[in-house]
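Residue strings, one per chain:
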Amino acid sequence: QVQLVESGGGLVQAGGSLRLSCAASGSGFSFNAMGWFRQAPGKQREFVASLTSGGGSTNYADSVKGRFTISRDNAKNTLNLRMNSLKPEDTAVYYCNMRRGSEWLNYWGQGTQVTVSS
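The following paragraphs examine the structure supplied in this document. (Residues numbered from 1 in each chain as written. Predicted model: local features only at pLDDT ≥ 70, side-chain atom pairs only at ≥ 80, totals over all residues. Heavy atoms only, no water.)

**A word on the environment of lysine 65**
Structurally, the position occupied by lysine 65 is in the loop between strand S6 (58–60) and strand S7 (68–73). Under the relative-accessibility criterion, lysine 65 is labelled partly exposed at 48%. Linking lysine 65 and threonine 52, residues 13 residues apart in sequence, is a C-alpha distance of 17 Å. (Helix = DSSP H or I, 4+ residues; strand = E, 2+ residues; numbered from the N terminus. Buried < 20%, exposed > 50% of the residue type's maximum accessible area, 1.4 Å probe, protein only.)

**Concerning the side chain of asparagine 97**
Tracing the sequence through the fold places asparagine 97 in strand S9 (residues 92–100). Within the local environment of asparagine 97, its side chain forms a polar contact with the backbone oxygen of tyrosine 107, the two atoms lying 3.3 Å apart. (Polar contact = N/O pair within 3.5 Å; in protein donor to acceptor, adjacent residues only side chain to side chain.)

**Quick word on the state of the cysteines**
Across all of its chains, the model carries one disulfide by this definition. Bridging cysteine 22 to cysteine 96, the disulfide has an S-S length of 2.0 Å. Between cysteine 22 and cysteine 96 the disulfide shows an S-S torsion of about 55 degrees. By sign, it is right-handed. With cysteine 22 in strand S3 (residues 18–25) and cysteine 96 in strand S9, this residue pair connects regions lying 74 residues apart in the sequence. For the pair shown, cysteine 22 and cysteine 96 are each scored as buried. (Disulfide = S-S within 2.5 Å.)

Next up, the structure:
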């Protein structure tokens with residue numbers, strides 16, 4: 001049973017930075033791709049970024065490319081998201097997830113709120 005706990009969110013002004021973390025417990029972290037998603041008020045949850053089990057390959061949504069950096073520490077079962085040049089439209093609850101094979105888990109933690117003021 002995997003548990004994912006997100007942290008690091010907060011209130012920041014436009015142009016600022018935040019670093020999100022996701023602590024994973026249970027088996028499988030180092031063997032599976034991981035990713036970040038976000039859900040803004042009134043909108044569907046959307047993909048933000050992902051990386052492979054070894055961290056060698058990453059994928060980003062066009063809206064965050066060049067501003068966000070995803071990374072992982074398999075020794076600590078931790079996934080990170082460095083967010084720079086934040087914009088008000090980045091305001092959302094951010095979630096991490098694990099991909100097993102081609103499917104993301106049908107499990108979501110509590111998420112961490114990111115609010116960017118203009």
